[in-house]
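Results of the structural survey
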Amino acid sequence: MKKKLLINPFESISETKLLVFGIIATLLASYLAFLLNGRFDGAIDLHFTEKVETLQPLIDNAINFISLFIFLFIAGKIINSKTRAVDIATPILVAKIPYYILLLFNINDFIYSSTTSLLQKVNPENPSQMPNIDPGTLAVILPFALISIAFLIWFIVLLYYGFKTATNSKTPAHKMYFIGAIILAEILSSILISTINY
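This part takes up the layout of surface pockets. What the largest pocket holds in volume is close to 340 Å³. Taken together, 16 residues line the largest pocket, and the ones lying closest to its centre are Leu-46, His-47, Phe-48, Phe-144 and Ser-148. For the lining of the largest pocket, the secondary-structure elements that each account for two or more residues are strand 2 (47-48), helix 5 (97-102), helix 6 (110-120) and helix 7 (135-167). The class makeup of the residues in the lining of the largest pocket is twelve nonpolar, three polar and one charged.

What follows concerns unusual backbone geometry. One non-glycine residue with positive phi stands out, namely Asn-108, at about 60°. Here Asn-108 shows up in the loop between helix 5 and helix 6. Look at Asn-108 and you get exposed, because its relative accessible area is 73%.

A word on the nonpolar core. Core analysis: the biggest nonpolar cluster contains 37 residues, and Leu-68, Leu-72, Leu-103 and Leu-159 have the highest contact counts within it. Mapped onto this core, the elements with two or more residues apiece are helix 2 (15-36), helix 3 (56-79), helix 4 (85-95), helix 5, helix 7 and helix 8 (172-195). Sequence-distant contacts of Leu-68, defined by excluding residues within four places in its chain, comprise Ala-43, Phe-73, Ile-92, Phe-155, Leu-159 and Ala-185.

What follows concerns a nonpolar patch on the surface. On the surface, a cluster of nonpolar side chains totalling about 570 Å² of accessible area is made up of Met-176, Ile-179, Ile-183, Leu-184, Ile-187 and Ile-191. The exposure class of Ile-191 is partly exposed, given its relative accessible area of 46%.

Moving on, we come to the pattern of salt bridges. Oppositely charged side chains may form a pair once their charged atoms are brought near each other. Inspection of the entire model under this criterion finds three salt bridges. Glu-15 is the partner of Arg-84 in a salt bridge, and the nearest nitrogen-oxygen pair spans 3.1 Å. Highlighted residues: Arg-84 in the loop between helix 3 and helix 4 and Glu-15 in helix 2, separated in sequence by 69 residues. Taking the relative accessible area as the measure of exposure, Glu-15 reaches 30% and is therefore partly exposed. Here Arg-84 ties to Asp-87 by a salt bridge, and the two come within 2.9 Å at their closest N and O atoms.

Looking at the element boundaries, Leu-188 is found in helix 8. Look past the residues within four positions of Leu-188 in its chain and what remains in contact with it is Ser-67 and Phe-71.

Moving on, we get to the packing of aromatic side chains. According to the stated counting rule, one finds eleven aromatic pairs in the structure shown. Pairing Phe-65 with Phe-69 gives two aromatic rings, centres 6.0 Å apart and planes at 20°, and the pair type is stacked. With Phe-65 and Phe-69 both in helix 3, this residue pair falls four residues apart, about one helical turn. Phe-65 gets classed as partly exposed once you look at its relative accessible area, which sits at 25%. Taken together, the ring pairs in this structure connect Tyr-160, Tyr-161, Phe-163 and Phe-178 into an aromatic cluster. A cation over an aromatic ring shows up here: Lys-96 above the ring of Tyr-99, its NZ or CZ 5.5 Å from the ring centre.

What counts as what
Residues numbered from 1 in each chain as written. Predicted model: local features only at pLDDT ≥ 70, side-chain atom pairs only at ≥ 80, totals over all residues. Heavy atoms only, no water. 1 Å grid on protein atoms, 1.4 Å probe; cavity = no way out; pocket = protein on both sides within 12 Å on 5 of 7 lines; lining within 4 Å. Points joined across faces, edges and corners; volume = space filled by probe spheres on them. Helix = DSSP H or I, 4+ residues; strand = E, 2+ residues; numbered from the N terminus. Nonpolar A, V, L, I, M, F, W, Y, C, P; charged D, E, K, R; others polar. Buried < 20%, exposed > 50% of the residue type's maximum accessible area, 1.4 Å probe, protein only. Core = buried A, V, L, I, M, F, W, Y, C linked by side-chain atoms within 4.5 Å. Contact = heavy atoms within 4.5 Å. Patch = residues over 30% accessible without salt bridge, like charges linked within 9 Å, V, L, I, M, F, W, Y side chains within 5 Å. Areas by Shrake-Rupley, 256 points an atom, 1.4 Å probe, with all protein chains shown as cover. Salt bridge = Lys/Arg side-chain N within 4 Å of Asp/Glu carboxyl O. Phe/Tyr/Trp six-rings, centres within 6.5 Å; stacked < 30°, edge-to-face > 60°. Lys NZ or Arg CZ within 6 Å of the ring centre and 35° of its normal.

Dropping the structure here:
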(Lines give C-alpha, C1' and ligand atoms only; values in the text may rest on other atoms or scores of the structure.)
Protein backbone atom coordinates (compact mmCIF):
# COMPACT_ATOMS: atom_id res chain seq x y z
CA MET A 1 0.00 0.00 0.00
CA LYS A 2 2.78 2.44 0.95
CA LYS A 3 4.67 1.63 -2.26
CA LYS A 4 1.55 2.35 -4.30
CA LEU A 5 1.12 5.71 -2.58
CA LEU A 6 4.67 6.65 -3.57
CA ILE A 7 4.20 5.88 -7.27
CA ASN A 8 0.46 6.24 -7.84
CA PRO A 9 -1.38 8.22 -5.16
CA PHE A 10 -3.99 9.34 -7.72
CA GLU A 11 -6.16 6.25 -7.29
CA SER A 12 -6.35 6.31 -3.49
CA ILE A 13 -6.20 10.00 -2.48
CA SER A 14 -8.84 12.52 -3.47
CA GLU A 15 -8.02 14.95 -6.25
CA THR A 16 -8.74 17.97 -4.06
CA LYS A 17 -6.31 16.84 -1.34
CA LEU A 18 -3.59 16.13 -3.89
CA LEU A 19 -4.12 19.48 -5.61
CA VAL A 20 -3.90 21.44 -2.34
CA PHE A 21 -0.88 19.39 -1.23
CA GLY A 22 0.83 20.00 -4.57
CA ILE A 23 0.26 23.75 -4.44
CA ILE A 24 1.55 24.01 -0.87
CA ALA A 25 4.58 21.85 -1.70
CA THR A 26 5.39 24.03 -4.71
CA LEU A 27 5.23 27.25 -2.70
CA LEU A 28 7.31 25.85 0.17
CA ALA A 29 9.85 24.34 -2.21
CA SER A 30 10.19 27.64 -4.09
CA TYR A 31 11.14 29.32 -0.81
CA LEU A 32 13.45 26.44 0.12
CA ALA A 33 15.12 26.70 -3.30
CA PHE A 34 15.76 30.38 -2.62
CA LEU A 35 17.41 29.51 0.71
CA LEU A 36 19.47 26.67 -0.78
CA ASN A 37 20.33 28.31 -4.13
CA GLY A 38 18.38 25.89 -6.29
CA ARG A 39 17.10 26.64 -9.79
CA PHE A 40 14.36 24.63 -11.52
CA ASP A 41 15.63 25.81 -14.90
CA GLY A 42 13.64 23.38 -17.03
CA ALA A 43 10.61 21.14 -16.74
CA ILE A 44 12.78 18.24 -15.61
CA ASP A 45 15.84 20.17 -14.38
CA LEU A 46 17.33 21.19 -11.06
CA HIS A 47 20.66 22.96 -10.72
CA PHE A 48 22.42 24.74 -7.89
CA THR A 49 24.05 28.15 -8.31
CA GLU A 50 26.09 30.59 -6.28
CA LYS A 51 23.12 32.87 -5.60
CA VAL A 52 19.39 32.85 -6.30
CA GLU A 53 17.14 35.90 -6.35
CA THR A 54 14.03 35.79 -4.17
CA LEU A 55 11.41 35.06 -6.83
CA GLN A 56 13.54 33.06 -9.28
CA PRO A 57 12.53 29.56 -8.05
CA LEU A 58 8.84 30.52 -7.97
CA ILE A 59 9.01 31.89 -11.52
CA ASP A 60 10.92 28.77 -12.59
CA ASN A 61 8.18 26.59 -11.13
CA ALA A 62 5.45 28.66 -12.76
CA ILE A 63 7.06 28.40 -16.20
CA ASN A 64 7.69 24.67 -15.77
CA PHE A 65 4.10 24.09 -14.67
CA ILE A 66 2.65 26.05 -17.59
CA SER A 67 4.93 24.30 -20.10
CA LEU A 68 4.04 20.83 -18.85
CA PHE A 69 0.37 21.72 -18.58
CA ILE A 70 0.10 23.02 -22.15
CA PHE A 71 1.55 19.93 -23.81
CA LEU A 72 0.12 17.31 -21.44
CA PHE A 73 -3.34 18.87 -21.68
CA ILE A 74 -3.17 18.86 -25.49
CA ALA A 75 -2.01 15.23 -25.41
CA GLY A 76 -4.76 14.41 -22.94
CA LYS A 77 -7.43 15.97 -25.14
CA ILE A 78 -6.15 14.01 -28.14
CA ILE A 79 -6.39 10.78 -26.15
CA ASN A 80 -9.65 11.56 -24.38
CA SER A 81 -11.76 14.61 -25.18
CA LYS A 82 -13.23 14.51 -21.65
CA THR A 83 -9.85 15.18 -20.01
CA ARG A 84 -10.22 18.04 -17.52
CA ALA A 85 -7.65 20.74 -16.83
CA VAL A 86 -7.56 19.97 -13.10
CA ASP A 87 -6.85 16.30 -13.86
CA ILE A 88 -3.64 17.34 -15.64
CA ALA A 89 -2.66 20.13 -13.23
CA THR A 90 -2.77 17.92 -10.14
CA PRO A 91 -0.22 15.27 -11.21
CA ILE A 92 2.15 17.96 -12.51
CA LEU A 93 2.20 19.61 -9.07
CA VAL A 94 2.51 16.32 -7.17
CA ALA A 95 5.11 14.74 -9.47
CA LYS A 96 7.64 17.54 -8.84
CA ILE A 97 7.86 16.74 -5.12
CA PRO A 98 10.83 14.33 -5.54
CA TYR A 99 12.78 17.24 -7.03
CA TYR A 100 12.02 19.33 -3.98
CA ILE A 101 13.55 16.67 -1.73
CA LEU A 102 16.80 16.94 -3.72
CA LEU A 103 17.14 20.56 -2.59
CA LEU A 104 18.13 19.34 0.87
CA PHE A 105 21.38 17.96 -0.51
CA ASN A 106 22.63 21.52 -1.02
CA ILE A 107 22.50 22.61 2.60
CA ASN A 108 25.53 24.87 3.17
CA ASP A 109 26.08 24.81 -0.64
CA PHE A 110 27.28 21.21 -0.28
CA ILE A 111 26.53 20.03 -3.85
CA TYR A 112 27.27 23.36 -5.49
CA SER A 113 30.75 23.55 -3.90
CA SER A 114 31.53 19.96 -4.88
CA THR A 115 30.47 20.35 -8.51
CA THR A 116 32.24 23.70 -8.82
CA SER A 117 35.43 22.13 -7.46
CA LEU A 118 35.16 19.36 -10.05
CA LEU A 119 34.54 21.73 -12.97
CA GLN A 120 37.54 23.85 -12.02
CA LYS A 121 39.77 20.82 -12.54
CA VAL A 122 38.59 20.26 -16.11
CA ASN A 123 41.06 21.51 -18.69
CA PRO A 124 39.11 23.87 -21.01
CA GLU A 125 41.69 23.38 -23.76
CA ASN A 126 41.28 19.60 -23.58
CA PRO A 127 37.93 18.76 -21.94
CA SER A 128 38.29 15.08 -22.89
CA GLN A 129 41.36 14.80 -20.67
CA MET A 130 40.52 13.04 -17.41
CA PRO A 131 40.81 15.56 -14.55
CA ASN A 132 42.58 14.71 -11.30
CA ILE A 133 39.50 14.29 -9.12
CA ASP A 134 39.67 14.37 -5.34
CA PRO A 135 38.18 11.09 -3.99
CA GLY A 136 36.18 13.11 -1.46
CA THR A 137 34.57 15.17 -4.23
CA LEU A 138 33.82 12.03 -6.20
CA ALA A 139 32.28 10.43 -3.11
CA VAL A 140 29.85 13.34 -2.95
CA ILE A 141 28.97 13.78 -6.62
CA LEU A 142 28.48 10.15 -7.67
CA PRO A 143 25.87 9.25 -5.02
CA PHE A 144 24.04 12.52 -5.67
CA ALA A 145 24.04 11.84 -9.42
CA LEU A 146 22.60 8.36 -8.86
CA ILE A 147 19.97 9.66 -6.45
CA SER A 148 19.07 12.43 -8.92
CA ILE A 149 18.53 9.85 -11.68
CA ALA A 150 16.36 7.76 -9.33
CA PHE A 151 14.30 10.83 -8.42
CA LEU A 152 13.94 11.78 -12.10
CA ILE A 153 12.50 8.32 -12.73
CA TRP A 154 10.21 8.76 -9.71
CA PHE A 155 9.02 12.10 -11.11
CA ILE A 156 8.23 10.56 -14.52
CA VAL A 157 6.45 7.57 -12.96
CA LEU A 158 4.29 9.84 -10.79
CA LEU A 159 3.51 12.08 -13.75
CA TYR A 160 2.72 9.12 -15.99
CA TYR A 161 0.30 7.49 -13.54
CA GLY A 162 -1.41 10.83 -12.98
CA PHE A 163 -1.66 11.39 -16.73
CA LYS A 164 -2.89 7.83 -17.28
CA THR A 165 -5.58 8.26 -14.63
CA ALA A 166 -6.63 11.63 -16.04
CA THR A 167 -6.88 10.49 -19.66
CA ASN A 168 -7.62 6.77 -19.30
CA SER A 169 -4.71 6.14 -21.67
CA LYS A 170 -4.06 2.51 -22.59
CA THR A 171 -2.17 2.08 -25.86
CA PRO A 172 1.54 2.41 -26.73
CA ALA A 173 0.62 5.41 -28.90
CA HIS A 174 -0.76 7.15 -25.81
CA LYS A 175 2.59 6.64 -24.08
CA MET A 176 4.31 8.27 -27.03
CA TYR A 177 2.02 11.30 -26.68
CA PHE A 178 3.05 11.49 -23.03
CA ILE A 179 6.77 11.26 -23.80
CA GLY A 180 6.49 13.80 -26.61
CA ALA A 181 4.67 16.23 -24.31
CA ILE A 182 7.44 16.05 -21.71
CA ILE A 183 10.16 16.62 -24.31
CA LEU A 184 8.33 19.63 -25.77
CA ALA A 185 7.69 21.01 -22.26
CA GLU A 186 11.40 20.69 -21.42
CA ILE A 187 12.37 22.55 -24.59
CA LEU A 188 9.83 25.34 -24.09
CA SER A 189 10.53 25.84 -20.38
CA SER A 190 14.31 25.87 -20.88
CA ILE A 191 14.02 28.49 -23.63
CA LEU A 192 11.65 30.68 -21.63
CA ILE A 193 13.71 30.53 -18.42
CA SER A 194 16.99 31.23 -20.24
CA THR A 195 15.57 34.21 -22.13
CA ILE A 196 13.58 35.90 -19.37
CA ASN A 197 15.61 38.40 -17.36
CA TYR A 198 14.51 38.74 -13.77
